[in-house]
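Residue-level listing of the chains:
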Amino acid sequence: MTMPPVKYQRGDMVMGRWPGSSLYYEVKVLAFDSKSQLYTVIYKDGTELELKEQDIKSTAGFQPRSRSRSRSPGRRRSRSRSPARTTRRSSSRTAAAVAAAAITDSAVSSRRDTRLKDVEVMLSPVQTKEAENNSNNRHEKKEEKQKEENNTANKVNETTEAEPEKNQGRYNLRRRKDDGDAKPAETRPEQLEEKEAKRVGALASTLSTPLDFGGKIGAYFWLLFLPAWVFFLVLQVNREDPSLTNFPPPLPPLEAFWDAQALGFVILWILFQALLYVTPVGKLSEGMPLRSGERLKYRTNGFFAIVVSAITVAAAVHQGVDLTYIHSHFLQLATASLLISILLSVYLYIRSRYAAPEQLALGGNSGNVVYDFFKGHELNPRIKNFDLKFFCEMRPGLIGWCLINFAMALAEMKQHGLDAPSNSMILVNLFQLLYVVDGLWNEEAILTTMDLMHDGFGFMLAFGDLVWVPFTYTMQAYYLVSHPNPLSLPALAAIVILKLVGFYIFRKSNSEKNAFRRNPADPRLSHLKTIPTATGKSLLVSGWWGVVRHPNYLGDLLMALAWSLPCGFSHLLPWYYMIYFIILLVHRDSRDMSDCRRKYGSAWDEYCRTVRYRIIPRVY
Ligand SMILES: NC(=O)c1ccc[n+]([C@@H]2O[C@H](COP(=O)([O-])OP(=O)(O)OC[C@H]3O[C@@H](n4cnc5c(N)ncnc54)[C@H](OP(=O)(O)O)[C@@H]3O)[C@@H](O)[C@H]2O)c1
Ligand SMILES: CC(C)=CCC[C@@H](C)[C@H]1CC[C@H]2C3=C(CC[C@]12C)[C@@]1(C)CC[C@H](O)C(C)(C)[C@@H]1CC3
């Protein structure tokens, strides 16, 4: 069977109809999916849509508009206008003005959301002659409004008429279906047939997304560097003087890395956590809507899991189990975990090759085996209801981190003949325990984070969750075992205050965003201002998210500082987490910035203009 030729080519400038209206805007063709027969186009404000061929026209069929031709938006605005246009001038706003005007109290905006019939991006709309005639006759008033110029801003249109309703299901605004807070305005499952949604998912997953982490070469580098770095830290921290001047640490014989019993313990630990995860205790929480419109269910019983784990460990210690084994076999335990994370990543890579397109993440499809293996391609790999990514991120490594810290406290007592751990060790243990317990208590909030919503599950996260977190986040506690650092009372008090301030910012900001994403009409958030976006989702622009663009990172960084301070300043090694964390969060922030720019177009630009700093107010 021969396929009909593709009418529009990648890079063509054409006119694309805006969903639910008779308006056409100049768009650029980005891709065509032969399976779904949908074109991906990009509007001038950066919003991407998938359109059918019948909703695309070549520019030739459109009335030339002298006002918009070959003039920059700036020049157009400053141009003198005909008297006939003066009545419209007030709404011929600059992009910034429109978006600024669109910053509304969330109470108002959520009320407005429920009345919305359409969300419109104003991008120099142009109509076909036919449509214009009709409009002239039927909707004179509306036509007036539609003709107004506005090049890049998103605008929420409250006044659209019935026509959009019948059109809506034919268009696919990418990301709409994974929007949590767009229900009233956007998510109309009955209008979007399942088949259509699947096709959108399929198209989205085949689009190439920009490569992260230094691209293909970067992936090779990270694959080798990350495990090597873990071993470097583990070998270094054991030394009496773990300073950089003693680099590189002497390499032990290869056999020293391996211990079958250690592998057995790691497997047992993971199975134990898996058993707790599947135990039908606790809430079944809904994830954010996927591209297919589906919402997965997650068993969020993390707090139950850590409590049962703590009781089990306490009982084992009581029975005489020597947990200092973890300190003395750290290297072998790390090797065993690395092996498991590699095997898991191979499994994940293979199954992602057979996964349905709508189950894939938007990254990890470069076609390069190493990059895709590293980045991960399947969004939510599951064995029946067992969600591998969620489980790995929240259970064995995270709870294992606390177990290892506790073992380090016991090792410190044993090594120095103490009746109780040192103050520094207690602080590090309690601070990090609080962080983990909080994460598990608010486990549902993880469902609105980048990793869960957008990232595929591959080596990076599998290794990060099973090796990186338990074996490098425990460096401070490990360091303190052989490098005691007595703390004065004022120092101790200052560190505790720092931790609490950081924790407060972290928790409040994460909860605010999570509550808003889950229910934007939440009355507790009615005092907050928001910016509507073309996807139907809004952005918080006051409250914590109006202070900086990532207030949660700020709180996290303050806490990280409080974790390193108890170790003193004699070595750089216990500061490793702080340094790594700054790099990680700065990189995550810029990754998120470009993702959000792609998703929200000029609304995101407006958010960035309103909230100028990324993580630290007035600094960064
Ligand atoms: N300890 C560690 O190793 C570690 C590592 C990384 C992260 N973390 C912590 O994990 C938590 C989650 O971090 P994350 O990196 O996933 O990022 P995040 O800040 O939780 O999520 C970013 C997402 O939030 C939404 N968003 C951004 N600005 C918004 C606004 N103004 N209003 C409403 N929604 C907005 C956007 O998603 P949508 O618009 O699509 O909803 C954006 O993609 C953070 O607290 C972070 O500190 C810890
Ligand atoms: C391999 C490397 C260098 C990176 C992998 C990153 C990975 C270790 C982190 C990515 C997201 C992080 C995260 C937490 C732990 C570390 C990550 C998985 C988190 C579960 C820690 C506890 C918090 O309360 C949290 C907010 C739930 C965290 C969510 C993000």
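The shown structure was predicted, so the numbers you read here are calculated from the model rather than taken from an experiment. Position numbers for residues count from 1 along each chain, tracking the sequence in the order it is written. All chains are assigned letters beginning at A, and all ligands numbers beginning at 1, according to the order in which they are written. The model is predicted, so local features are restricted to residues of pLDDT at least 70 and side-chain atom pairs to those at 80 or more, both for listing and for counting; the totals for chains, interfaces and linings are taken over all residues. The basis for every side-chain value is the complete set of non-hydrogen atoms in the structure, without hydrogens or water.

Chemist: Run through the overall build of the chain, naming residues and quoting values.
Modeler: A run of H or I in DSSP counts as a helix once it spans at least four residues, and a run of E counts as a strand once it spans at least two, with each numbered from the N terminus. The number of helices and strands found in the chain is 23 helices and 15 strands. Within the span of the chain, comprising 620 residues, buried residues form 57% of the whole. Considering only contacts within the chain whose residues lie at least 6 apart along the sequence, 75% involve residues at least 24 apart. With residues, only the protein chains shown are counted as cover, and all accessible areas are computed by Shrake-Rupley using a 1.4 Å probe. Surface exposure of the chain reaches about 27,400 Å², of which carbon and sulfur atoms provide 61%. Each residue is assigned to one of three classes by its accessible area relative to the maximum for its type, calculated with a 1.4 Å probe on protein chains only: buried under 20%, partly exposed between the two thresholds, exposed over 50%. Every residue pair with non-hydrogen atoms within 4.5 Å of one another is taken to be in contact.

Chemist: Report on the site of ligand 2, specifying residues and quantitative values.
Modeler: Taken together, 17 residues are adjacent to ligand 2, and Glu393, Gly439, Asp451, Asp465 and Arg588 come closest. Across the complex, the protein chains shield 88% of the 630 Å² of accessible surface that ligand 2 would expose by itself. Where the shell around ligand 2 is concerned, the elements lending two or more residues are helix H14 (388–394), helix H16 (423–441) and helix H18 (459–472). Per-element tally for the shell around ligand 2: the top contributor is H18, with six residues. Taken together, the residues of the shell around ligand 2 sort by class into 11 nonpolar, two polar and four charged. Nearness is judged by heavy atoms alone; a residue qualifies as near a molecule or strand once a single heavy atom is within 4 Å of it. Residues are grouped as follows: Ala, Val, Leu, Ile, Met, Phe, Trp, Tyr, Cys and Pro are nonpolar; Asp, Glu, Lys and Arg are charged; every other residue, Gly included, is polar.

Chemist: Explain the side chain of glutamate 443 to me, using residue names and the numbers behind them.
Modeler: Structurally, the position occupied by glutamate 443 is in the loop between H16 and helix H17 (450–453). Take glutamate 443: its relative accessible area is 1%, and that puts it in the buried class. Once residues within four sequence positions are removed from consideration, glutamate 443 is found in contact with Arg299, Thr300, Asn301, Gly302, Phe390, Met394 and Arg395.

Chemist: Tell me what's going on with the site of ligand 1, and back it up with residues and numbers.
Modeler: As a matter of local geometry, ligand 1 sits amid 28 residues, with Tyr473, Arg517, Tyr553, Asp556 and Tyr600 nearest to it. Each polar contact in these results corresponds to two N or O atoms within 3.5 Å; when the atoms are within protein, one needs to be able to donate a hydrogen and the other to accept it, and residues that are neighboring in sequence are counted only if both atoms are side-chain atoms. Lysine 537 has a polar side-chain atom sitting 3.0 Å from an oxygen atom of ligand 1. Within the complex, the protein chains bury 93% of what would otherwise be the 920 Å² of accessible surface of ligand 1. Sorting elements by how many residues they give to the shell around ligand 1 places helix H22 (residues 576–600) first, with eight residues. The class makeup of the residues in the shell around ligand 1 is 16 nonpolar, five polar and seven charged.

Chemist: An account of a nonpolar patch on the surface is needed here, citing residue identities and associated values.
Modeler: A cluster of nonpolar side chains, namely Ile582, Val586, Ile616, Val619 and Tyr620, defines an oily patch on the protein surface of about 390 Å² accessible area. Given a relative accessible area of 62%, valine 619 falls into the exposed group. Patch members must show over 30% relative accessible area and no salt bridge, and they are joined within 9 Å when carrying like charges or within 5 Å when they are nonpolar side chains of Val, Leu, Ile, Met, Phe, Trp or Tyr. Every case where a carboxyl oxygen of Asp or Glu lies within 4 Å of a side-chain nitrogen of Lys or Arg is listed as a salt bridge.

Chemist: A description of the UniProt feature "transmembrane region" (unreviewed entry) in the chain should follow, citing residues and the corresponding values.
Modeler: UniProt positions are given in the numbering used here, feature names are shortened, and annotations may be inferred rather than shown by experiment. Summarizing the sequence annotation, UniProt attributes the feature "transmembrane region" (unreviewed entry) to residues 217–237, 257–279, 300–318, 330–350, 457–481, 487–506, 527–548 and 560–586 in the numbering used throughout. For residues 300–318, the helix share is 89%, the strand share is 5%, and the end-to-end C-alpha distance is 29 Å.

Chemist: Can you lay out H22 for me, pointing to particular residues and giving the numbers?
Modeler: Each α-helix turn comprises 3.6 residues. Residues three or four places apart therefore point the same way. Given a rise of 1.5 Å per residue, 25 residues ought to cover 36 Å, and the 35 Å separating the end C-alpha atoms of H22 matches this to within 8%. With its phi angle positive at about 55 degrees, glycine 601 sits one or two positions after the end of H22. Residue count minus one, scaled by 1.5 Å, sets the expected span of a helix.

Chemist: If you had to explain unusual backbone geometry to someone new, which residues and values would you point to?
Modeler: The phi angle at lysine 384 is positive, at roughly 55 degrees, despite the residue not being glycine. By relative accessible area, lysine 384 is classed as exposed at 78%.

Chemist: Outline the pattern of salt bridges, supporting the account with residue identities and numerical values.
Modeler: For the coordinates displayed, the defined rule picks out 16 salt bridges. In this structure, arginine 295 engages glutamate 286 in a salt bridge whose closest nitrogen and oxygen atoms are separated by 3.4 Å. One salt bridge connects aspartate 589 with arginine 614, and the closest N-O pair in it is separated by 2.6 Å. Separated by 25 residues along the polypeptide, aspartate 589 in helix H22 and arginine 614 in the segment after helix H23 (602–610) bring together distant segments of the chain. With a relative accessible area of 0%, aspartate 589 lands in the buried category. Judged by its relative accessible area of 25%, arginine 614 falls in the partly exposed class. One connected set of salt bridges, linked through shared partners, spans Lys283, Glu444 and Arg518.

Chemist: Quick one: what's the story with the packing of H16 against helix H21 (residues 551–564), residue by residue and with numbers?
Modeler: Axis geometry follows a simple rule: fit a line to the C-alpha atoms, using only the stretch in contact for helices, then measure angles between N-to-C directions, giving values from 0 to 180 degrees. Two numbers describe how H16 lies on H21: the axes approach to 9 Å, and their chain directions differ by 155 degrees. Looking at the two axes, H16 sits roughly antiparallel to H21. Crossing hand, H16 versus H21: left-handed. Contacts between H16 and H21 involve Val428, Phe431, Gln432 and Tyr435 on the former and, on the latter, Asp556, Met559, Ala562 and Trp563. Oblique is the label for any angle not under 35 degrees, not over 145, and not in the 65 to 115 range, which are roughly parallel, roughly antiparallel and roughly perpendicular in turn. Crossings are classed by handedness, with left-handed meaning an anticlockwise turn of the near helix from the far one by less than a right angle and right-handed meaning a clockwise turn.

Chemist: So what's going on with the confidence of the model for the chain? Residues and values would help.
Modeler: Mean pLDDT for the chain: 77, with 73% of residues reaching 70 or above. This stretch, residues 64–208, has a pLDDT under 50; its non-local contacts, to residues over four places away or in other chains, come to 286 contacts. Interface confidence in the predicted complex, given as ipTM, is 0.96; pTM for the same model is 0.73. Along the chain, pLDDT gives the predictor's confidence residue by residue, from 0 to 100.

Chemist: Tell me about the environment of aspartate 33, residues and numbers included.
Modeler: Looking at where aspartate 33 falls in the secondary structure, it is placed in strand E2 (residues 24–33). In this structure aspartate 33 comes out as buried when scored by relative accessible area, which is 10%.

Chemist: Any chance you could break down the packing of aromatic side chains for me, citing the residues and the numbers?
Modeler: Aromatic pairs are defined between Phe, Tyr and Trp rings, using the six-membered ring for Trp, whenever the two ring centres lie within 6.5 Å; interplanar angles under 30 degrees are classed as stacked, those over 60 as edge-to-face, and all others as tilted. Overall, the coordinates contain 43 aromatic pairs when judged by the stated rule. For the ring pair phenylalanine 303 and tryptophan 441, a centre distance of 4.8 Å and an interplane angle of 85 degrees mean the geometry is edge-to-face. You can see phenylalanine 303 sitting in helix H10 (residues 302–318) and its partner tryptophan 441 sitting in helix H16, a full 138 residues away along the chain. Note on phenylalanine 303: relative accessible area 34%, which makes it partly exposed. Residue tryptophan 441 is classed as exposed on the basis of its relative accessible area, which comes to 59%. Ring centres 5.8 Å apart and planes at 55 degrees place the aromatic pair tyrosine 473 and tyrosine 580 in the tilted group. Of this pair, tyrosine 473 sits in the loop between H18 and helix H19 (475–482) while tyrosine 580 sits in helix H22, and the two are 107 residues apart along the sequence. Accessibility assignment for this pair places tyrosine 473 and tyrosine 580 in one class, buried.

Chemist: With reference to specific residues and values, describe the packing of H16 against helix H20 (residues 489–518).
Modeler: H20 packs onto H16 with a crossing angle of 10 degrees between their chain directions and a minimal axis gap of 12 Å. Comparing their axes, H20 and H16 come out roughly parallel. Between H16, through Asn423, Leu427, Phe431, Leu434, Tyr435 and Asp438, and H20, the contact on the second element is made entirely by Leu492, Ile495, Val496, Lys499, Phe503, Phe506 and Arg507.

Chemist: Please give an account of the pairing of strand E14 (residues 529–532) that cites residues and values.
Modeler: When E14 meets strand E15 (residues 538–540), the two strands line up antiparallel, connected through three bridges. Within E15, the position partnered with threonine 530 by the bridge is leucine 540. Pairing between two strands requires that DSSP report at least two bridges joining them. Counting the residues in the hairpin turn of E14 and E15 gives five residues, including glycine 536, whose phi is positive at 100 degrees.

Chemist: Mind laying out the environment of leucine 379, listing which residues take part and the relevant values?
Modeler: Within the secondary structure, leucine 379 is located in the loop between helix H13 (369–375) and strand E12 (382–383). With 159 residues separating them along the chain, leucine 379 and serine 538 place their C-alpha atoms 24 Å apart.

Chemist: How would you summarise the state of the cysteines if you had to cite specific residues and measurements?
Modeler: Any two cysteine sulfur atoms within 2.5 Å of one another count as a disulfide. In total, this model carries zero disulfides according to the counting rule given. Cysteine cysteine 392 shares no disulfide, and the gap to the nearest cysteine sulfur, in cysteine 402, comes to 17 Å. What makes cysteine 392 buried here is its relative accessible area of 5%. With no disulfide of its own, cysteine 402 lies 16 Å from the sulfur of cysteine 567, the closest cysteine sulfur.

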